[in-house]
Amino acid sequence: MFDPQAPKVPIRVDDFPIASKAICELMPTLLDALKASTALRQRLFQVEFLSTLAGDMLVTLLYHRKLDDTWRVAAESLAENLGVQIIGRARKQKIVLDRDFVTETLSIEGRDYHYRQYEGGFTQPNAVINTAMIQWARRCVGEQKDADLLELYCGNGNFTAPLADRFRRVLATEISKTSVKAARENFTANNIGNVMGVFVPASPFTDFSIAGLVTFNSTEQLFLLGAIAIAIGVMTYSKPVMM
């Protein structure tokens with residue numbers, strides 16, 4: 001971080017209390033281990049963490065150099081010593097030592113929901129707040145056994161799985177390949193049988209412009225269609241559900 005009044009003067013940050021306790025405890029230990037290894041610290045420029053309430057931890061090390069066998073040996077030793085999953089990334093390189101996901105378990109109204117959260121995919125960063133949001137969503141929708149649910153951009157099924165038993169059927173859409181993979185696995189892991197996934201890549205849509213003034217690429221078109229669908233849904237409902 002840098003002071004806006006002195007942009008060339010870095011502000012030293014030695015801890016990050018808003019992160020999970022597991023990440024906060026791992027940071028100094030990991031830093032010492034990286035400093036002690038030339039193979040691991042050489043041209044390392046970023047470290048990313050992904051932790052779960054279930055106790056899983058994945059660490060991604062990003063480099064400005066090509067990773068070789070020397071790095072792999074050092075990284076495998078580090079992963080074993082710290083008890084974490086490690087991924088190395090560099091330009092056009094991704095080295096997964098064991099697996100590229102963590103497993104999360106959220107307890108929602110007496111039922112445990114299990115999720116695979118993949119490195120590089122979107123996940124809710126705060127599991128406690130995430131649990132509260134899911135519970136709130138379930139209270140809002142109530143029991144809709146004679147109704148169907150359309151969920152746009154369902155991600156890894158974070159909300160889809162816990163909401164599925166509130167509805168007759170669920171149609172979930174997503175365009176991210178990583179999220180699609182996770183969603184399919186998570187629906188299976190949680191024995192969700194009334195969800196149909198429509199997983200559409202952005203590529204089928206070609207760019208188009210309006211009078212040469214505004215151009216929409218394929219991804220922007222999908223978001224536009226999603227916004228229109230949401231607007232129609234809001235105008236169609238006869239009573240508010242977000243109270």
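Structure: above.
Notes on the structure in this doc start here.

1. Description of the overall build of the protein chain
Part 1: From N to C terminus, the protein chain includes 7 helices and 13 strands.
Part 2: With the principal axes as the frame, the protein chain shows a C-alpha extent of 65 × 55 × 40 Å.
Part 3: When burial is assessed residue by residue, the protein chain has 35% of its 243 residues classed as buried.
Part 4: Long-range contacts, defined as pairs at least 24 residues apart, comprise 50% of the intrachain contacts of the protein chain with a sequence gap of at least 6.
Part 5: A total of about 15,200 Å² of accessible surface is found on the protein chain, and carbon and sulfur atoms cover 57% of it.
Part 6: With 26 positive and 26 negative side-chain charges, the protein chain shows a separation of 4 Å between the mean positions of the two kinds.

2. A short note on the sheet that holds strand β3 (residues 44–51)
Part 1: Sheet architecture is open: 4 strands sit in the order β3-β4-β5-β6, paired in mixed fashion. At either margin of the open sheet sits one strand with a lone partner, and together these are β3 and β6 (93–96). Between one strand axis and the next, the sheet turns through 15 degrees on average, direction left out of account.

3. Quick notes on helix α1 (residues 21–35)
Part 1: Taking 1.5 Å of rise per residue, 15 residues should cover 21 Å, and α1 covers 22 Å from first to last C-alpha, within 8% of that figure.
Part 2: Along its length, α1 shows its largest kink, about 30 degrees, at M27, and proline P28 lies within four residues downstream of that point.
Part 3: Those residues of α1 that fall on the buried side of the exposure criterion are I23, L26, L30 and L34.
Part 4: Where α1 is buried, its residues contact α2 (38–41), β3, β4 (57–63) and α3 (69–82).

4. Focus: unusual backbone geometry
One can expect most non-glycine residues to show negative phi and most peptide bonds to be in trans.
Part 1: Positive phi values are uncommon outside glycine, yet R43 reaches one of about 60 degrees.
Part 2: Inspection of the secondary structure puts R43 in the loop between α2 and β3.
Part 3: In this structure, N191 takes a positive phi of about 55 degrees despite not being glycine.
Part 4: Looking at the secondary structure, you find N191 in the loop between α6 (177–189) and β11 (195–199).

5. Side note on the pairing of strand β8 (residues 111–118)
Part 1: Where strand β7 (residues 101–108) lies against β8, 8 bridges are found, and the strand directions are antiparallel. Each residue of the ladder has a partner; that of E104, found in β8, is Y115.

6. Describing the nonpolar core
Part 1: Ranked by internal contacts, the top residues of the largest apolar core, which has 21 residues, are L40, V59, L61, Y63, W71 and I86.
Part 2: Ranked by residues supplied to this core, first place goes to α3 with 5 residues.
Part 3: In terms of nonpolar packing, the next biggest core, distinct from the first, is built from 19 residues, A127, C154, A164 and F187 among them.

What counts, and at which threshold
- Residues numbered from 1 in each chain as written.
- Predicted model: local features only at pLDDT ≥ 70, side-chain atom pairs only at ≥ 80, totals over all residues.
- Heavy atoms only, no water.
- Helix = DSSP H or I, 4+ residues; strand = E, 2+ residues; numbered from the N terminus.
- Buried < 20%, exposed > 50% of the residue type's maximum accessible area, 1.4 Å probe, protein only.
- Contact = heavy atoms within 4.5 Å.
- Areas by Shrake-Rupley, 256 points an atom, 1.4 Å probe, with all protein chains shown as cover.
- Lys, Arg positive; Asp, Glu negative; His and termini not counted.
- Charge placed at Lys NZ, Arg CZ, Asp CG, Glu CD.
- Pairing = 2+ DSSP bridges.
- Axes fitted to C-alpha atoms, helices over the stretch in contact; angles between N-to-C directions.
- Expected span 1.5 Å × (residues − 1).
- Bend = angle between axes of the 7 residues up to and from the residue.
- Core = buried A, V, L, I, M, F, W, Y, C linked by side-chain atoms within 4.5 Å.

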